[in-house]
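Residue-level structure breakdown
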Amino acid sequence: MKIPFFTSFILGVILIFLAVSNSLFTLHQTKKALVLQFGELVKVHDTPGLKVKIPVIQDVIFFDRRLLDYNLPVIEVNAGDQKRMVVDLYVRYIINDVLVFYKTVGTLEGVQNRLGKIVPDIMQEVIGRVPLSEMLSSNRAKIMEEIFRKVRDSSKNFGIDVRDVRIIRADLPKENSEAIFNRMESERRQEAKQFRAEGDEQAQGIRAKADRERTLILAQARKKSEILRGEGEAEAARIYANAFSQDTDFFKFYRSMDAYQKVMTPEDTTLVISPSSEFFRYFHKNKLGRN
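Per an unreviewed UniProt entry, the chain carries the name Protein HflC and comes from Candidatus Paracaedimonas acanthamoebae. In its Sequence similarities (unreviewed entry) section, UniProt records this for the chain: "Belongs to the band 7/mec-2 family. HflC subfamily." What UniProt states about the chain under its Function (unreviewed entry) heading is, verbatim, "HflC and HflK could regulate a protease."

Okay, here's the thing in structure tokens:
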């Protein structure tokens, strides 16, 4: 049975289209490509555009040419003073040789597995030579520069170029952090206790000084008041004496009247005394008249 010419033509066109479509591929500007034939390298495509390959027998593998990031799992290393430190870091790299990359690691997962083994060893080697305090000082940049150089040199065999190794977080393990926190809390409590003791001592000194000054001021005030009182009493005595010397009878009479006024207060005084008493001598007629 013969196939009609039109049908044969259509089938031929379809086969040609499939062959052409399978022999052409587009390389994006963010990619690199390897063309392999039965596992052997045929060509490396590094420039973007439309590319040609042999259908069926040739395969194309694409690789990213952009800057790639890999965040490593948390690493625990021992510093030179045997203090442990938990480090969270990332590596930035580019694939600069796709053929070497394909032969050594093959995929991104493969290179990440290699970096996941290389970087912790280098971190331990470098950080293990310095005390923990160095990682928390200005020397940290120099330490990270050494780690970066070693990681870059060790990963060149994978067809990649490491551009940066950066620590995101460097911290102490949880148990160390708790111990340090407890020690710091204890130190702060001791300092607070010392400050309170010094404050109490200063307060006692201030109170003692204030008490001494108060006692001194009161003593001086009492002394001054006694002097003024003595001077006043002396002046009063002088005035009384002067008045008494001028008119003795009148002065006696005045003193008696003043005594009557103070004693004979009907509100709260009961006086039981003989009318002939000397106290009432100025109530007698012969005492009020002339002798």
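Time to look at the environment of valine 162. Tracing the backbone shows valine 162 in strand E9 (residues 160-171). Here the alpha-carbon distance between valine 162 and asparagine 96, two residues 66 residues apart in the chain, equals 9.8 Å. For valine 162, the contacting residues outside a window of four places in its chain are Val91, Arg92, Tyr93, Phe148, Val151, Arg152 and Ser155.

Read from one edge to the other, the open sheet built from three strands follows the order E3-E2-E5, with strand pairing classed as antiparallel. Since the sheet does not close on itself, it has two edges, and those belong to strand E3 (40-45) and strand E5 (58-64), each with one partner. Ignoring strand direction, the axes of neighbouring strands in this sheet form an average angle of 25 degrees. Here strand E2 (residues 31-37) pairs with E3 via five bridges, running antiparallel. Its bridge partner lying in E3, alanine 33 is registered against histidine 45.

Within the element layout of this structure, serine 155 appears in helix H5 (residues 140-155). With relative accessibility at 0%, the residue serine 155 sits in the buried group. What serine 155 contacts, discounting residues up to four positions off in sequence, is Leu115, Ile160 and Val162.

Inspection of every chain in the model, using the stated rule, returns 15 salt bridges. Close ionic contact of arginine 92 with aspartate 69 constitutes a salt bridge, the shortest N to O distance being 3.2 Å. Here arginine 92, found in strand E8 (residues 84-95), pairs with aspartate 69, found in strand E6 (residues 68-71); they are 23 residues apart in sequence, far enough to count as distant. Judged by its relative accessible area of 31%, arginine 92 is partly exposed. Residue aspartate 69 is classed as partly exposed on the basis of its relative accessible area of 48%. A salt bridge links arginine 166 to aspartate 164, with the shortest nitrogen-to-oxygen separation between them at 3.3 Å. Given a relative accessible area of 44%, arginine 166 falls into the partly exposed group. Each of Lys31, Asp64 and Arg66 takes part in one network of salt bridges that share partners.

To continue, consider the pairing of strand E1 (residues 24-27). In regular strands, side chains alternate between the two faces of the sheet. Here E1 shows one buried face, formed by Phe25 and Leu27, and one open face, formed by Leu24 and Thr26. Inspection of the sheet shows E1 paired to strand E4 (residues 49-52) by four bridges, in the antiparallel sense. Directly across from phenylalanine 25, in E4, lies its bridge partner lysine 51.

This part takes up the nonpolar core. Among the nonpolar cores identified, the biggest contains 38 residues, and Leu89, Tyr93, Val119, Met123, Ile147, Ile160 and Val165 are the most heavily contacted of them. Every element with two or more residues in this core is listed here: E6, strand E7 (75-78), E8, helix H2 (98-104), helix H3 (108-127), helix H4 (132-135), H5 and E9. For this core, the element with the highest residue contribution is H3, accounting for eight residues.

This part is about H3. Taking 1.5 Å per residue as the helical rise, H3 with its 20 residues ought to reach 28 Å, and the 27 Å between its terminal C-alpha atoms agrees with that figure. Listing the buried residues of H3 in full gives Gly110, Val111, Leu115, Ile118, Val119, Pro120, Ile122, Met123, Val126 and Ile127.

So, how was this worked out
- Residues numbered from 1 in each chain as written.
- Predicted model: local features only at pLDDT ≥ 70, side-chain atom pairs only at ≥ 80, totals over all residues.
- Heavy atoms only, no water.
- UniProt positions renumbered as here; feature names shortened; annotations may be inferred.
- Helix = DSSP H or I, 4+ residues; strand = E, 2+ residues; numbered from the N terminus.
- Contact = heavy atoms within 4.5 Å.
- Pairing = 2+ DSSP bridges.
- Axes fitted to C-alpha atoms, helices over the stretch in contact; angles between N-to-C directions.
- Buried < 20%, exposed > 50% of the residue type's maximum accessible area, 1.4 Å probe, protein only.
- Salt bridge = Lys/Arg side-chain N within 4 Å of Asp/Glu carboxyl O.
- Core = buried A, V, L, I, M, F, W, Y, C linked by side-chain atoms within 4.5 Å.
- Expected span 1.5 Å × (residues − 1).

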